[in-house]
Amino acid sequence: MCQPGPWTPTGAEKRPGAGQGREPLNDKRKTPSWLVFNDVHRGSQKKGGEFMRSLWSFVSAVNFVVICLVIISVSGCATPAAKAVKRGDELLTTKNYYGASEEYLTALRLESDNKDAKLKLCQTANQAYNQKLEKAANFERSSDFESALPQYTDLAKFIDKSNSYSCLSVTTIDAKQKIAEMKSGASEKYYKDAENYYNGSDYSNAINSYQEALKHNDPYKDCKNKIAESNYRLAQAQVKSNNYREAADYFTKANNIVEGFKDASNLAAKYKGIADEKAAQSHYGKGITLAKSENYRDASEQFEKATSFVATFKDSQALAIKYKAKADEKDALSHFEQGTSLVKAGNFREAAEQFEKSNSFVSNFKDSQSLSSKYKSLADEKDAQSHYESGQAYLAKNNFAEAEKEFLAADGFIKGYKDAVALAEKARNAMPNDNQVASAVQRALQKEIPVSWVGNLGGGRNAQLSAVEVQRIGIYNDRERYWPMRIRVAGKCLLNDPFNQGKVVSFDKVADFVLVRGDYGDWEASMRGGMFQ
């Protein structure tokens, strides 16, 4: 709902002195005569003035509300109901009476007391009813019962809703009876199609059509029996083709549609048993062949599959266990031998992994478990030493960032390895991090800003930085112990200009800085080129 805007004082409130002891309401030239009271009725001057001011404020507020309501009704702070009415009006211009009426009903659902919507619904309801009825009847006349069904369903709802507002003045059909007739007509149409398929021995399509007939009416005639019989006959055809599992599935479907249908349940069990026996024999034969070629793992899987169809089929279970054990031993030996070869080549980590795999197939195959542990430790020692030496090399070149990474990597392989952690800490503290760089540059630019940065001979001061970005780091100067860095600096500062006191200017420049660690561990920055760069 639209809310009125802020209240604007009237002319009386805007006049100087209003509400400050003056009595603007006593000005008969500007106050309506019916608001002027005689002194006899006012009481005291002060009390009368307060009363008149309160009354005037009340009248102004009432006037404002009235104006607001007029504006709303004219320009339209459109509510959802009003929008629905508008849509209905637009549909009415195209003579879509049913669509328009539906919109008016929507408006009434949103606002049950919407007089405009109810009036327009009552004006269009009869035409809407006739329009919808004609559409439904056309489908019915062409025997398209499925298309007619939703039309009559919608019409039944429309009748009920319109009658609830007493807007229909015509005699209506029995829509619910029509819905039943359309369902029956649709079912009959599908039933006739199904019968044609059934009589032609096309049982799959017959089943589909009988099922469609049941969607509209369940039960309907002998549809379920015909579906069961169709599945039964499809099963018999599969038996003749020796497709026993498919036959079992069709017999099961027949029995599920009509419980106890003929001997479908017994036949389903019979042919499932035959299919399972056949599948078990097939997997058993594959297992025997694979075992002969020493493909023990696949052989074991085939014997296992045989037991999944018939649990006690021959000696499948025993053979599955036997050849799995053979496969495990074969794989354990293979990984053990690979581990041994890798040890000879000095690849201790890969060797440890192979011994671990060997142990996973056969627990503690030979001494694989202890060998895995041994060579993992040797690999860790080797890698820790390698990273430690690499860290020392980086440290010697003053490449502190890489040195830190290498020392931490060494400690990652063996916790507490030599003095790796201490050296990593040393390397970390040898170079300022981003926050330390930013703080040092901020402090340096508090004192002075170069002339070229602000375009003024006095330069600037008191920098407030919005960005400090290290673009390049030079080689550490070991003799003078500083880091050269090229840094982008952006921000604003005060001008050192007596003629422009307090003027703030912005800058975004790239400059070369020198960063040095002070006596107390803090990083200090200074700009190369100084004030006049």
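Basis of the calculations
- Counting from 1, residues in each chain are numbered in the order their sequence is written.
- In keeping with the model being predicted, local features are shown solely for residues with a pLDDT of at least 70 and side-chain atom pairs are shown and tallied solely at 80 or more, while totals for entire chains, interfaces and linings include all residues.
- In computing side-chain properties, one takes all heavy atoms of the structure into account and sets aside hydrogens as well as water.
- Secondary structure elements are defined from DSSP: runs of H or I of at least 4 residues count as helices, runs of E of at least 2 residues count as strands, and each element is numbered from the N terminus.
- Each residue is placed in one exposure class: buried if its accessible area under a 1.4 Å probe, protein chains only, is under 20% of its type's maximum, exposed if it is over 50%, and partly exposed if it falls in between.
- Contacts were defined at the residue level, with two residues in contact if any of their heavy atoms lie within 4.5 Å.
- In these tables, accessible area is a Shrake-Rupley quantity obtained with a 1.4 Å probe, and a residue counts as shielded only by the protein chains included in the view.
- Residues grouped as a nonpolar core are buried Ala, Val, Leu, Ile, Met, Phe, Trp, Tyr and Cys residues, joined through side-chain atoms within 4.5 Å.
- Angles run from 0 to 180 degrees between N-to-C directions of axes, and those axes are lines fitted to C-alpha atoms, restricted for helices to the stretch in contact.
- An angle below 35 degrees is read as roughly parallel, one above 145 as roughly antiparallel, one from 65 to 115 as roughly perpendicular, and any other as oblique.
- Two helices cross in a left-handed way if the nearer one is turned anticlockwise from the farther one by less than a right angle. They cross in a right-handed way if the turn is clockwise.
- Nonpolar residues are Ala, Val, Leu, Ile, Met, Phe, Trp, Tyr, Cys and Pro. Charged residues are Asp, Glu, Lys and Arg, and all others, Gly as well, are polar.
- DSSP calls a pair of strands paired once it identifies at least 2 bridges connecting them.
- For this document, the term salt bridge refers to a Lys or Arg side-chain nitrogen within 4 Å of an Asp or Glu carboxyl oxygen.
- Whenever two N or O atoms come within 3.5 Å, that pair is a polar contact, provided that in protein one can donate a hydrogen and the other can accept it, and provided that, for residues adjacent in sequence, both atoms are side-chain atoms.
- Only a pair of cysteine sulfur atoms within 2.5 Å qualifies as a disulfide here.
- When two rings of Phe, Tyr or Trp (its six-membered ring) have centres within 6.5 Å they constitute a pair, described as stacked for plane angles under 30 degrees, edge-to-face for angles over 60, and tilted for the intermediate range.
- Put simply, a charge is over a ring when the Lys NZ or the Arg CZ is close to the ring centre, within 6 Å, and near the line of the ring normal, within 35 degrees.

Caption draft 1: Up close: the overall build of the protein. If you tally the helices and strands in the protein, you get 20 helices and four strands. The burial tally for the protein puts 37% of its 533 residues in the buried class. When contacts within the protein are restricted to residue pairs at least 6 apart in sequence, those whose partners lie at least 24 apart make up 54%. Working note: accessible area of the protein is about 31,500 Å², and carbon and sulfur atoms make up 51% of it.

Caption draft 2: A look at the nonpolar core. Counting residues in each nonpolar core, the largest one holds 38 residues, and the members touching the most others are Trp453, Phe513 and Leu515. Every element with two or more residues in this core is listed here: α16 (368–396), α17 (400–413), α18 (420–429), α19 (434–447), α20 (451–454), β2 (483–495), β3 (504–517) and β4 (523–527). With six residues, β2 is the single largest residue contributor to this core. Non-local contacts of phenylalanine 513, meaning those with residues more than four positions away in its chain, are made with Val441, Trp483, Pro484, Met485, Ile487, Val489, Ala525, Ser526 and Met527.

Caption draft 3: Up close: the packing of helix α15 (residues 348–361) against α16. Between α15 and α16, whose axes approach to 8 Å, the crossing angle comes to 160°. With respect to their mutual orientation, α15 and α16 come out roughly antiparallel. The element α15 and its partner α16 pack so that their crossing is left-handed. For the pair α15 and α16, contact is made by Phe348, Arg349, Ala352, Phe355, Glu356, Ser358 and Asn359 and by Ser368, Gln369, Leu371, Ser372, Tyr375, Lys376, Leu378, Ala379, Asp380, Lys382 and Asp383, respectively. Partitioned by chemical class, the residues of the contact of α15 with α16 number seven nonpolar, five polar and six charged.

Caption draft 4: Examining the pairing of β4 more closely. Along β4, the buried face is formed by Trp523, Ala525 and Met527; none of Glu524 and Ser526, which line the opposite face, is buried. For β3 and β4, the ladder comprises five bridges, and the chain directions are antiparallel. Counterpart to valine 514 in the pairing with β4 is serine 526.

Caption draft 5: Representation of the pairing of β3 within the structure. In terms of strand pairing, β2 meets β3 through 12 bridges, oriented antiparallel. Paired with methionine 485 across the strands is phenylalanine 513, a residue of β3. Between β3 and β4, which follow one another and run antiparallel, lie five residues, and glycine 521 among them has a positive phi close to 90°.

Caption draft 6: View of the pattern of salt bridges. Counted by the stated rule, this structure contains 31 salt bridges. A salt bridge links glutamate 229 to arginine 233, with the shortest nitrogen-to-oxygen separation between them at 2.9 Å. Highlighted residues: glutamate 229 and arginine 233, both in helix α10 (residues 223–240), separated by four residues, approximately one helical turn. For arginine 233, a relative accessible area of 31% puts it in the partly exposed group.

Caption draft 7: The side chain of asparagine 456, seen in detail. Turning to its location among the elements, asparagine 456 is positioned in the loop between α20 and β1 (460–473). Since its relative accessible area comes to 16%, asparagine 456 is described here as buried. Among the polar contacts listed, one links the side chain of asparagine 456 to the backbone nitrogen of glycine 458, at a separation of 2.9 Å. Not counting the four nearest positions on each side in its chain, asparagine 456 is found in contact with Val451, Leu495, Asn496 and Asp497.

Caption draft 8: View of the state of the cysteines. Inspection of every chain in the model, using the stated rule, returns one disulfide. The disulfide partner of cysteine 122 is cysteine 167, and the gap between their sulfur atoms is 2.0 Å. The sign of the -55° torsion about the S-S bond sets the cysteine 122-cysteine 167 disulfide as left-handed. Taken together, the residues span a long stretch of sequence, with cysteine 122 in helix α6 (residues 115–141) and cysteine 167 in the loop between α7 (145–164) and α8 (175–199) at a distance of 45 residues.

Caption draft 9: Layout of the packing of aromatic side chains. Per the stated rule, a full pass over the model turns up 22 aromatic pairs. The interplanar angle of 10° and the centroid separation of 5.8 Å between the aromatic rings of tyrosine 244 and tyrosine 271 together place this pair among those described as stacked. Residue tyrosine 244 is found in helix α11 (residues 244–257), and its partner tyrosine 271 is found in helix α12 (residues 264–292); the two are separated by 27 residues along the sequence. When sorted by exposure, tyrosine 244 lands in the same class as tyrosine 271, which is buried. Within the aromatic cluster, the residues linked to one another by ring pairs are Tyr232, Tyr244, Phe251, Phe261 and Tyr271. Here lysine 132 stacks its cationic end above the ring of tyrosine 98, 4.5 Å away from the centre of that ring.

Nothing here speaks to function; it is geometry throughout.
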